[in-house]
Amino acid sequence: MTTVRVAVPVLQGTKKFVFDKGRPWTIIEHSILASIALESQNFTELQKRANLPRRVLVEAIVRLMRVGWVELVDVGSTMNFQTTPSGAAAATLRELPSPLTRHKQRRSFVIDQISGTVFRRRQLPFHHEYHIQDLEKRDANIIRVSRPERENVGDATSLLHVLFEEDEQFVAFDGGGERLMERWALVIVRDGIVDGLPSHASEELKEAILQAARSYEHRPNGQQPQTVTARFQAKPPRLDAVSCRFTSSDLVIGGAEHQRVFMDSIKKARHRIIIHSTFISEDHFKNVLPSLRIALDRGVMIDILWGQETDVSGSNPSRQAALNIRKAMTGNNIDRIRVHTSSTHSHSKMLISDTGHPNDFICYIGSCNWLSSSFQSFETSASFRNGALISDVFSKLAELCRSPSGHFSRLSEEYMMLAATISKNRSEHSGSSRMALVYGPMHNDLILQARDDVQKEAFVCSHRMSPASGPLVLSAMVAAAAQRDRLIKIYYGRTSGGMSSEEASALIRDDLGTGVNVQPIFDPRLHAKVLAWDDDNLVISSQNWLSADPPPDKPLSEMGIFINSKGIAKYFRERFQMSLRS
């Protein structure tokens with residue numbers, strides 16, 4: 001039997017969490033308690049009235065008896081269930097008193113640096129550098145996987161999923177977090193089989209471990225330690241669509257509509273507003289500041305995030321604007337508006353506000369830079385209130401607000417708490433439409449899906465077109481147009497990346513014979529980023545489809561929303577054509 005130990009690079013961290021332990025009461029348990037409170041009854045009578053499976057009924061009664069609300073009494077020929085005085089009182093309540101108990105506990109976790117997967121400490125025990133060196137000196141059949149140059153700090157959502165049991169509900173962080181420390185996990189490979197990895201370990205990690213084990217060569221003592229190179233191989237995200245309600249009225253089309261929903265969101269909010277705008281303009285911020293001040297007086301917490309990158313000259317106008325705005329902020333309640341001075345490194349555009357209740361939000365995702373737009377361009381966004389999608393958005397915001405070293409900022413912790421709270425209170429699971437958050441490489445996946453699935457017409461709308469756009473979008477649309485009776489239309493607003501207008505014209509001429517109609521739009525100024533195919537499939541994003549792809553190491557640099565809803569793509573195309581004629 002051949003046994004090799006593979007040293008996998010990991011990061012080890014520790015956080016102190018506040019969480020509730022226990023399972024909330026269900027409406028079934030409440031109904032059973034109310035039924036017993038009305039009349040003492042035996043199990044057979046109760047099962048007949050409840051019409052529940054025997055196991056479900058037994059578990060419910062056991063829980064009710066455990067808290068002292070139900071007891072068994074001898075009534076002669078049978079044993080009946082009846083409520084205790086406290087149980088009879090609880091049965092009259094609108095909601096049963098919470099059985100949850102609050103805990104504070106420090107928990108350690110490990111993040112493997114091959115795939116970025118999060119593990120509990122006991123799932124993937126870690127070792128210090130000196131322990132690995134000692135094994136290497138003793139020639140203990142060990143080979144290292146080299147530590148990638150870029151650290152992977154894991155995903156905030158998966159951290160909570162891994163660290164908590166089904167009966168534990170994350171509430172908050174308690175205090176700060178320790179620095180992530182470089183450690184090593186030892187994984188044993190016996191006869192080409194990986195031994196001891198948890199079930200949720202990624203295939204990318206398993207394959208890297210197996211490749212390292214195959215590379216191991218037995219050498220005499222005193223030889224140099226063995227190392228194999230591995231690169232970070234994060235599992236690509238997949239489209240996770242949820243059923244919901246969506247109609248054409250949930251689309252925001254055109255600059256004027258964006259300005260209206262922006263101001264309405266500020267007026268209606270009572271608790272929280274989050275604005276993520278790629279760019280910040282001091283002048284445009286001053287235009288909206290009076291409305292924001294009124295919201296602050298109502299007690300609203302306002303977060304302003306931005307994602308512009310520093311250019312080659314070291315200039316970053318959005319950062320300077322954020323600094324100037326913070327300096328100029330004075331007056332009461334001003335501590336509740338947080339203008340962040342560091343970039344999220346994301347080109348996404350989002351507006352989130354509550355609808356009057358603390359955890360009931362509406363979110364807008366699309367092309368509009370809310371704090372730098374003059375609302376004169378042709379913009380497109382989608383609005384939604386689905387709890388699953390909103391929770392996902394807050395999870396992604398938590399990632400964007402983490403520090404490069406992996407520390408959770410105060411804001412990222414707040415967003416993680418909101419994501420957890422909303423996910424527990426999800427509503428609106430029904431509906432004939434399907435929607436999913438889109439980010440990073442999922443944009444390219446959707447381009448390929450449109451290429452393969454289009455039956456009648458595909459449509460691409462992009463603010464920019466650059467030389468980098470040639471390979472995927474145009475080739476995919478050319479392939480789609482090659483199929484019989486497929487109509488393909490591509491629109492763009494301006495060229496970039498060194499592409500001249502003459503080169504763009506040449507590209508358009510080259511595509512004339514392919515069946516792909518490429519057309520520049522100058523009036524109105526085109527800023528929308530849309531992919532659509534046939535009548536029912538629409539993708540609205542911050543991603544310029546005809547420009548560069550999202551960087552693989554920054555999957556949240558572009559975000560959008562996929563919508564599958566009857567007639568939604570057809571409706572958007574009609575609105576777009578109307579804007580060209582007006």
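Above this text you will find the structure in question.
Residues numbered from 1 in each chain as written. Predicted model: local features only at pLDDT ≥ 70, side-chain atom pairs only at ≥ 80, totals over all residues. Heavy atoms only, no water.

Novice: Can you tell me about the overall build of the chain, naming the residues and giving the values?
Specialist: Along its length, the chain carries 16 helices and 26 strands. Contacts in the chain between residues far apart in sequence, at least 24 positions, make up 80% of those at least 6 positions apart. With an accessible surface of roughly 27,700 Å², the chain has 49% of that area assigned to carbon and sulfur atoms. Measuring between centres, the 71 positive side-chain charges of the chain sit 3 Å from its 65 negative side-chain charges. (Helix = DSSP H or I, 4+ residues; strand = E, 2+ residues; numbered from the N terminus. Contact = heavy atoms within 4.5 Å. Areas by Shrake-Rupley, 256 points an atom, 1.4 Å probe, with all protein chains shown as cover. Lys, Arg positive; Asp, Glu negative; His and termini not counted. Charge placed at Lys NZ, Arg CZ, Asp CG, Glu CD.)

Novice: An account of empty space enclosed by the protein is needed here, citing residue identities and associated values.
Specialist: Counted under the stated rule, the structure contains one cavity of 30 Å³ or more. What lines the largest cavity is simply Phe-109, Ile-111, Val-118, Val-153, Asp-155, Ala-156, Leu-159, Arg-402 and Phe-408. For the lining of the largest cavity, the per-class residue count stands at seven nonpolar, no polar and two charged. (1 Å grid on protein atoms, 1.4 Å probe; cavity = no way out; pocket = protein on both sides within 12 Å on 5 of 7 lines; lining within 4 Å. Points joined across faces, edges and corners; volume = space filled by probe spheres on them. Nonpolar A, V, L, I, M, F, W, Y, C, P; charged D, E, K, R; others polar.)

Novice: Outline the packing of helix H8 (residues 255-268) against helix H9 (residues 282-297), supporting the account with residue identities and numerical values.
Specialist: Packing of H8 against H9 brings their axes to within 8 Å, and their N-to-C directions diverge by 25°. Accordingly, the angle class assigned to the pair H8 and H9 is roughly parallel. Two secondary-structure elements touch here, H8 through Phe-262, Met-263 and Ile-266 and H9 through Val-288, Ser-291, Leu-292 and Ala-295. Across the contact of H8 with H9, the residue classes break down as six nonpolar, one polar and no charged. (Axes fitted to C-alpha atoms, helices over the stretch in contact; angles between N-to-C directions. Parallel < 35°, antiparallel > 145°, perpendicular 65-115°, else oblique.)

Novice: I'd like a description of the pattern of salt bridges, backed by residues and values.
Specialist: Once their charged atoms are close, side chains differing in charge can pair, the charge on each being opposite to the other. On inspection of all chains with the given rule, the structure shows 32 salt bridges. The residue Arg-63 makes a salt bridge to Glu-29 at a minimum N-O spacing of 3.2 Å. Placement of Arg-63 in helix H3 (residues 54-66) and of Glu-29 in helix H1 (residues 27-38) is noted, with a sequence separation of 34 residues between them. We classify Arg-63 as buried; its relative accessible area is 13%. Here Arg-272 ties to Glu-414 by a salt bridge, and the two come within 3.2 Å at their closest N and O atoms. In this pair, Arg-272 is assigned in strand S14 (residues 272-277) and Glu-414 in helix H12 (residues 410-424), connecting sequence segments 142 residues apart. (Salt bridge = Lys/Arg side-chain N within 4 Å of Asp/Glu carboxyl O. Buried < 20%, exposed > 50% of the residue type's maximum accessible area, 1.4 Å probe, protein only.)

Novice: Can you explain the pairing of S14? Please cite residues and give values.
Specialist: Taken across its six residues, S14 has six buried, putting it largely inside the fold. By the alternation rule, side chains of S14 split into Arg-272, Ile-274 and His-276 and Ile-273, Ile-275 and Ser-277, which are all buried. One ladder, built from six bridges, connects S14 with strand S15 (residues 301-306); its direction is parallel. By the bridge assignment, Ile-275 is partnered in S15 with Ile-304. Regarding topology, H9 serves as the crossover connection from S14 to the parallel S15, and that connection is right-handed. Note: S14 against strand S17 (residues 350-354), four bridges, orientation antiparallel. (Pairing = 2+ DSSP bridges. Right-handed = clockwise from strand over helix to strand, strands pointing away.)

Novice: Describe the sheet that holds strand S21 (residues 457-465), listing the residues and the values that go with them.
Specialist: Ordered in space as S12-S20-S26-S25-S24-S21-S22-S23, the eight strands form an open sheet in which the pairing is mixed. Of all strands in the sheet, those with a lone pairing partner are strand S12 (242-244) and strand S23 (516-520), marking the two edges. This sheet shows a mean twist of 20° between the axes of neighbouring strands, independent of strand direction. Pairing of strand S25 (residues 537-541) with strand S26 (residues 559-564) involves five bridges; the strand directions are antiparallel. Pairing of Asn-537 across the sheet is with Asn-564, part of S26.

Novice: Give me a nonpolar patch on the surface: which residues, what numbers.
Specialist: Residues Ile-27, Ile-28 and Val-56 make up a contiguous nonpolar surface patch of about 260 Å² in total accessible area. The residue Val-56 is located in helix H3 in this model. (Patch = residues over 30% accessible without salt bridge, like charges linked within 9 Å, V, L, I, M, F, W, Y side chains within 5 Å.)

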